[in-house]
Amino acid sequence: MAAIDVSIITKQNQRLAIKLALVAALMFGFGYALAPFYASFCQFLGIDRANASLTQAGSALRVEFDVNVAADLPVTMQALDGVQVAQAGGQVKARFVLRNESDQPVYLRAVPSFAPVRAAGVLQKLECFCFNAMSLAGNEQREVTVVLLVAKSLPAEMGAATLSYSLQAIPAFTHKVRES
Amino acid sequence: MHSPSIASTHLHTPGEHHAEHQTGWARWLYATNHKDIGTLYLWFAFAMFITGGVMALCIRAELFQPGLQFWQPEFFNQLTTLHGIIMVFGAIMPAFTGLANWMLPLMLGAPDMAFARMNNWSFWLLPPAAALLLISLFVPGGAPAGGWTLYPPLSAQAGMGMDLAIFSIHLLGLSSIMGSINIITTILNMRAPGMTLLRMPLFAWTSLVTAYLLIAVAPVLAGAVTMLLTDRHFGTHFFNAAGGGDPVLFQHIFWFFGHPEVYIMALPAFGIVSQIIPTFARKPLFGYVSMVYATCSIAILSFMVWGHHMFAVGMPATAQLFFMFLTMLIAVPTGVKVFNWIATMWQGSMTFETPMLFAIGFVCLFTVGGFSGLVLSIAPIDTQMQDTYYVVAHFHYVLVAGALFSLFAAVYYWLPKWTGYMYHEGRGKLHFWWSMIWFNVTFFPMHFLGLAGMPRRIPDYALQFTQFNSLATVGAFCFGLGQLLFLFNVLHTIRGGVGPAPAQPWEGGNTLEWEVPSPAPHHTWESPPDIAMVRRGLIAQAVYHEGEDEA
């Protein structure tokens, strides 16, 4: 059996190991590169939900209003102005109709949330039915509003924003304490 | 028979074999021999398997009935997190590296791994890493409790236990990368003459592809946890929304590592089963080349599907569709493998020794796990199943019935070669059937729990989930108990078993490791195996035909 040339194989091994270690180092850097890459990749492909090109509203901001009602709450809520166009520096007013479907009074609160979250910095709530807890008498129907102040400069990449309200019941005792 | 005692040429530098003269703890601490290091890896993995297993039993004990019986929710979350990290990084991955260390040089006709001293380092990084993880249980704030995925903001807000876990992951990653470099170099540069890449055993192929996967993704995980560390202590805001960062970015980076990681734990299992089934079916592996291509396809596709772990983060429909279809596509090469194993068994002269039983158990149960994975790949269904016990059932079918069963199969298959003795077949079969039955009792009901909506990672649950949880807990304790039988079987074999094993204990084994005596001597293939011997084995495996090279 011919002897193996140890030195040649050792050198080959070392060369390959260095290459592989280099690949590992590059992949470590790739992990960091994903941070800026991630945002620009989404914008490039147009899969960013808040991309301006999705709104067809020019430089303005498309504001959508959404409502959710907790399963145990006998209340319906409807957005009368589901979609609005917000101009930079202007105001947006949206109305909602609340109706208590039961004979009993209900105590509730509306919890707002913005999507994308950074839209909260662009749309400031001047007046909102969500600021206070509410009570609805049996079968009462009421119209409530929210007024938003739009920032003077809108971020170029943000084309659409959603303000979502979740209606939740609060116990009568808590409600009374808050009102007092 | 080749005489492994011929010490003509080998790839160690002079003086490197001092470890062979040492005994006791020094032999293991300074080990550079691939067999010693393989043994160390395997015992370490088993110790971690028991540690992670005890944590699993603590989890199941709490879930035996609703309400809080044993643990507070904070500690329960620490248990689930550590169980996951320990099983993935401490048990399954080191076990496969141990097998690669033990078997690759033997199968390829190499005297040792390419870098013997680095091999020693690769192993000895593991115990400190494991110690850091376990110490985290005793520091203020306790161990990390945000799940093995370490998602921020939970992980960003956790106590110093998270820092220990991050350092532990750094060490584990470093160990994996060094081990992978060793495996790739050994496979590419040190094969026996006549053994081309497309003629080497499938276990070598899957080890090679797995090692490449690890080199590609382990550093990415290291990057992610380093960013987490700097977010926690050095004022960066990679994942901190208040500072302009994005927690979802962590999920992208983590799963860019995490999904290939799934295949890092599955591909070596495929390799093991592809060695065992032909041996006990007494037929060459059906479709060897298609198995190699399927392995490579799975590896490549595994990089493109990470988004399916994040369907519920608010991903655009376009991206969901992209990840959904690519995920489904992985079923194709996986199906190629399953059909090839079945075709190998088809009309074979099968016998059902313990390794074969575990291999067949693997094929059946891994397929169940694969199908539930296919269900989860469908984005609208995944949105329903997200973070329920259906997902827990799915990945335990893949990782316990997949990776772990293949490891049991491998241990029983190669135990005669390692120890020189035969294990007790009856007890081996008992271990298989015991594990098979109680594994299914444990994890199959979790499909139903998940479909009914029981969330994962909770210590308490609604009353309607009680029966299936109780059943799963009984199954888990019995399954755990059965692993003591495995330990007994291994120790019994080491101490003599049922008698000495011949060099080739299995009739159908045709790879090179069966050409050396049992137990495999400390040094083997110091001169490369004879080309005629290599060819004889390759012909029996149907990867080489007489006179092929000359033509």
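Please refer to the structure higher up on the page.
As the structure is a computational prediction, the values presented were derived from the model and not from experiment. (Residues numbered from 1 in each chain as written. Chains lettered and ligands numbered in written order. Predicted model: local features only at pLDDT ≥ 70, side-chain atom pairs only at ≥ 80, totals over all residues. Heavy atoms only, no water.)

1. Notes on the overall build of chain B
Step number 1: A count of helices and strands for chain B gives 17 helices and zero strands.
Step number 2: Rg of the C-alpha trace for chain B: 23 Å, near the compact-globule value of 24 Å for 551 residues, within the 12% margin.
Step number 3: Here the C-alpha coordinates of chain B stretch approximately 65 × 50 × 45 Å along the principal axes.
Step number 4: Taken over 551 residues, chain B has a buried fraction of 62%.
Step number 5: Pairs at least 24 residues apart make up 82% of the contacts formed inside chain B by residues separated by at least 6 positions.
Step number 6: Put simply, chain B shows about 19,700 Å² of open surface, and 70% of that area lies on carbon and sulfur atoms. (Helix = DSSP H or I, 4+ residues; strand = E, 2+ residues; numbered from the N terminus. Rg over C-alpha atoms; globule rule 2.2 N^0.38 Å. Buried < 20%, exposed > 50% of the residue type's maximum accessible area, 1.4 Å probe, protein only. Contact = heavy atoms within 4.5 Å. Areas by Shrake-Rupley, 256 points an atom, 1.4 Å probe, with all protein chains shown as cover.)

2. Quick notes on a nonpolar patch on the surface
Residues and elements named next belong to chain B.
Step number 1: Nonpolar side chains collect at one region of the surface, where Val368, Phe444, Phe448, Leu451, Phe468 and Leu471 lie side by side and expose about 500 Å² of accessible area between them.
Step number 2: Looking at the nonpolar patch element by element, the count peaks at three residues for helix H15 (residues 425–451).
Step number 3: Residue position: Leu471 is located in helix H16 (residues 466–494).
Step number 4: We classify Leu471 as partly exposed; its relative accessible area is 41%. (Patch = residues over 30% accessible without salt bridge, like charges linked within 9 Å, V, L, I, M, F, W, Y side chains within 5 Å. Salt bridge = Lys/Arg side-chain N within 4 Å of Asp/Glu carboxyl O.)

3. A short note on the state of the cysteines
Residues and elements named next belong to chain A.
Step number 1: Using the criterion set out here, one finds one disulfide over all chains in the structure.
Step number 2: The residue that forms a disulfide with Cys128 is Cys130, at a sulfur-sulfur distance of 2.2 Å. Between Cys128 and Cys130, the S-S dihedral sits near 125°, and the bridge is therefore right-handed. Residues Cys128 and Cys130 agree in their burial class; the two are buried. (Disulfide = S-S within 2.5 Å.)

4. A closer look at the sheet that holds strand S4 (residues 91–100) of chain A
Backbone hydrogen bonds hold the strands of a sheet together, and the pairing may be parallel or antiparallel.
Residue and element names in this part refer to chain A.
Step number 1: The strand order across the open sheet formed by four strands is S2-S4-S8-S6, and the pairing between neighbours is antiparallel. On the outer flanks of this sheet lie strand S2 (75–79) and strand S6 (123–128), each paired with one strand and no other. Recorded for the sheet is a direction-independent mean angle of 25° between the axes of neighbouring strands.
Step number 2: Here nine bridges tie S4 to strand S8 (residues 141–150), and the two strands are oriented antiparallel to one another. By the bridge assignment for S8, Ala94 is matched with Val146. (Pairing = 2+ DSSP bridges. Axes fitted to C-alpha atoms, helices over the stretch in contact; angles between N-to-C directions.)

Without other data, these values stay purely geometric and don't point to any function.
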